[in-house]
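Structural characterization, general
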Amino acid sequence: LLAPQAEAQTDERVFNIGTGRATSVRQIAAMLIERLAPGSRPEFAPPQPGELRNCVADIERARRGLGYEPRSTLADRIDEVIAYLSQSTPDAG
């Protein structure tokens, strides 16, 4: 919602939008297990080449160019992500 308003004020055209906090694969797995398969335990395999251990969006450009500031965390919104992915997955339903 902020991007069209800021477009005339900045030369930037690409912005990372996220929480600005690192989230490990283990943390995401724990959130998903809690909601989708309580009591399950993750199975760990050796890391694959190029696999990310943590991922954090650098949101500084969005802060500067858009005045963006995250208002929620992944944990706050994980249920929405699950619902969205369930609707957009051919196997869902």
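The following paragraphs examine the structure supplied in this document. By convention here, each chain's residues receive numbers from 1 onward along its written sequence. It should be noted that, the model being predicted, local features are given only for residues of pLDDT at least 70 and side-chain atom pairs only at 80 or more, the latter also being counted only at that level, while totals for whole chains, interfaces and linings use all residues. Only hydrogens and water are removed before side-chain values are computed, so all heavy atoms of the structure are retained for them.

Here's the deal with the pattern of salt bridges
Condition: Any Lys or Arg side-chain nitrogen located within 4 Å of an Asp or Glu carboxyl oxygen qualifies as a salt bridge. Starting at the N terminus, helices and strands are each numbered in turn, a helix being any DSSP run of H or I of at least four residues and a strand any DSSP run of E of at least two.
Applying the stated rule across the entire model yields five salt bridges. One salt bridge connects Arg63 with Glu60, and the closest N-O pair in it is separated by 4.0 Å. Of this pair, Arg63 and Glu60 both sit in helix 3 (residues 60–66), three residues apart, which is roughly one turn of the helix. With a closest N to O distance of 2.9 Å, Arg77 and Glu80 form a salt bridge.

Details of the packing of helix 2 (residues 25–36) against helix 4 (residues 74–88)
Note the following rule: Every axis in this analysis is a line fitted to C-alpha atoms, fitted for helices over the stretch in contact. Angles between the N-to-C directions lie between 0 and 180 degrees. Angles are sorted into four bins: roughly parallel if under 35 degrees, roughly antiparallel if over 145, roughly perpendicular if 65 to 115, and oblique for all others. By the definition used in this description, the sense in which the near helix is turned from the far one sets the handedness, with an anticlockwise turn below a right angle giving left-handed and a clockwise turn giving right-handed. The criterion used for residue contact is that any of the two residues' heavy atoms lie within 4.5 Å. Residues are grouped as follows: Ala, Val, Leu, Ile, Met, Phe, Trp, Tyr, Cys and Pro are nonpolar; Asp, Glu, Lys and Arg are charged; every other residue, Gly included, is polar.
Contact geometry of helix 2 with helix 4 gives a least axis separation of 11 Å together with a crossing angle of 55°. Our classification of the angle between helix 2 and helix 4 gives oblique. In terms of crossing hand, the pair formed by helix 2 and helix 4 is right-handed. Contact residues: helix 2 offers Ile28, Met31, Leu32, Arg35 and Leu36, while helix 4 offers Leu74, Ala75, Ile78, Asp79 and Ile82. The class makeup of the residues in the contact of helix 2 with helix 4 is eight nonpolar, no polar and two charged.

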